[in-house]
Amino acid sequence: MAGELVKAEQVLKIGQRIEFYVDDDDEKYLSRIENVTDKYIIAAMPYNRKRVPVIPVRGANVYALAVGQKCRYRFFSVFREKSLEDGYLPVWHIDKPEQVEKHQNREFVRVRVTKKVMVSVIGQDGSIGEPSMTYTVDLSGNGVCFIMDNPLPQDTEVALELYDIPGVGTVKVMGRVIHSTKFERRDGDVFHIGTHMEHLSRQIMNKIVRYLFYVQRRNIAKGVDI
């Protein structure tokens, strides 16, 4: 099940391939798990595209994707230090998470969050419609679903401004409508507009995913069905 949170020790194993993104860096760094302790994950020091060792500053935020047999597990951590494993292998020490998120096919899990969003519909001639303030239904690392009074045709382009995303602030991005789904309410029908956010930077995407991961853990702690 995409979005399921599982205990880290159940899935993070020695020899497992792992991918890192560091702070606001857009480059992906490949590594593998060399050891797992009570406090740390010890991973082989990755190299950048120029084959230079990657050594983050102490305390840098790390977004990680551990590769399983049928899915991947993502989590956020903090870089603590570099050292030599067994006296010769350069490695990272990063905080061991309590939980990781299971997801499949590289898809982002959608999390129910209510945030203000300004929507402006782009016409086929490139004209920008009158902006309309509404609210999100759910959010993912690369998509958003919001409420509208009327449906929007598939592939319609929209300009979006999402407000008050913790750790991000306001996100201004272009979107492409994937679907419009009708919902009946006592005060009148509304439409949930599922939209793919186009050309979102890895920096912003990581920050959104980090916030959504926090929301998931908070909801589980409260016993809320995610």
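The structure this text deals with has already been given above.
Residues numbered from 1 in each chain as written. Predicted model: local features only at pLDDT ≥ 70, side-chain atom pairs only at ≥ 80, totals over all residues. Heavy atoms only, no water.

As for the overall build of the protein chain
Piece 1. Along the backbone of the protein chain there are two helices and 15 strands.
Piece 2. Its C-alpha atoms put the protein chain at 65 × 40 × 30 Å along the principal axes.
Piece 3. Burial statistics for the protein chain: of 226 residues in total, 45% are counted as buried.
Piece 4. Across the protein chain, every contact between residues at least 6 apart in sequence was considered, and the portion connecting residues at least 24 apart equals 56%.
Piece 5. By element, 46% of the accessible surface of the protein chain is carried by carbon and sulfur atoms, the whole surface being about 12,800 Å². (Helix = DSSP H or I, 4+ residues; strand = E, 2+ residues; numbered from the N terminus. Buried < 20%, exposed > 50% of the residue type's maximum accessible area, 1.4 Å probe, protein only. Contact = heavy atoms within 4.5 Å. Areas by Shrake-Rupley, 256 points an atom, 1.4 Å probe, with all protein chains shown as cover.)

Considering the pairing of strand β7 (residues 89-95)
Piece 1. Where burial is concerned, most of β7 is hidden: five out of the seven residues are buried.
Piece 2. The pairing of strand β4 (residues 40-44) with β7 spans five bridges and is antiparallel. In the strand pairing of β7, Ala43 is matched with Trp92.
Piece 3. Taken together, the six bridges between strand β6 (residues 72-85) and β7 define a ladder with antiparallel strand orientation. For Phe79, the partnering residue across the bridge sits in β7 and is Ile94. (Pairing = 2+ DSSP bridges.)

Re the nonpolar core
Within soluble globular proteins, side chains that are nonpolar tend to cluster in buried spots.
Piece 1. Among the nonpolar cores identified, the biggest contains 26 residues, and Leu139, Phe146, Leu160, Leu162 and Met197 are the most heavily contacted of them.
Piece 2. Looking at this core, the elements that each hand over two or more residues are β10 (116-122), β12 (143-148), β13 (157-165), β14 (169-183), β15 (190-198) and α2 (202-222).
Piece 3. A per-element tally of this core places α2 first, with five residues.
Piece 4. Every residue in contact with Phe146, bar those within four places of it in the chain, is listed here: Val117, Val119, Thr134, Tyr135, Thr136, Val137, Leu160, Phe191, His192, Ile193 and Thr195.
Piece 5. Counting 24 residues, the second largest nonpolar core, distinct from the first, contains Val54, Cys71, Phe79 and Val100. (Core = buried A, V, L, I, M, F, W, Y, C linked by side-chain atoms within 4.5 Å.)

Details of the side chain of Ser77
Piece 1. Within the secondary structure, Ser77 sits in strand β6.
Piece 2. Taking relative accessible area as the criterion, Ser77 reaches 5% and is therefore assigned buried.
Piece 3. Dropping the residues within four chain positions of it, Ser77 is found in contact with Ala60, Asn61, Val62, Ile94 and Asp95.

With respect to the environment of Phe75
Piece 1. Among the structural elements, Phe75 can be located in strand β6.
Piece 2. By relative accessible area, Phe75 is classed as buried at 0%.
Piece 3. Along the primary structure Phe75 and Val6 are separated by 69 residues, whereas in three dimensions their C-alpha atoms are 11 Å apart.
Piece 4. Setting aside residues no more than four positions away along its own chain, Phe75 makes contact with Leu12, Ile18, Ile41, Val62, Tyr63, Ala64, Ile94, Pro97, Gln99 and Val100.

Some words on empty space enclosed by the protein
Piece 1. Per the stated rule, a full pass over the model turns up one cavity of 30 Å³ or more.
Piece 2. A volume near 40 Å³ is recorded for the largest cavity.
Piece 3. Looking at the largest cavity, it is lined by 10 residues, and the ones nearest its centre are Arg74, Glu101, Val109, Val209 and Leu212. (1 Å grid on protein atoms, 1.4 Å probe; cavity = no way out; pocket = protein on both sides within 12 Å on 5 of 7 lines; lining within 4 Å. Points joined across faces, edges and corners; volume = space filled by probe spheres on them.)

Looking at the pattern of salt bridges
Piece 1. All told, the structure shown has nine salt bridges when counted by the stated rule.
Piece 2. In this structure, Arg49 engages Glu27 in a salt bridge whose closest nitrogen and oxygen atoms are separated by 3.4 Å. With Arg49 in the loop between β4 and β5 (61-67) and Glu27 in the loop between β2 (17-22) and β3 (29-36), the pair connects residues that are 22 residues apart, well separated along the chain.
Piece 3. The exposure class of Arg49 is exposed, given its relative accessible area of 68%.
Piece 4. Arg176 is the partner of Asp155 in a salt bridge, and the nearest nitrogen-oxygen pair spans 3.2 Å. Placement of Asp155 in the loop between β12 and β13 and of Arg176 in strand β14 is noted, with a sequence separation of 21 residues between them.
Piece 5. On the basis of relative accessible area, Arg176 is assigned to the partly exposed category, the value being 29%.
Piece 6. One salt-bridge network, held together by shared partners, links Arg17, Glu19 and Arg72. (Salt bridge = Lys/Arg side-chain N within 4 Å of Asp/Glu carboxyl O.)

Concerning the pairing of β6
Piece 1. Strand direction decides the pairing type here: β5 and β6, joined by seven bridges, are antiparallel. In the sheet register, Ala66 faces β6, and the bridge partner there is Tyr73.
Piece 2. The turn joining β5 and β6, which pair antiparallel and follow one another in sequence, is formed by four residues.
Piece 3. Linking two consecutive strands that pair antiparallel, namely β6 and β7, is a turn of three residues; a positive phi of about 60° is found at Asp86 within it.

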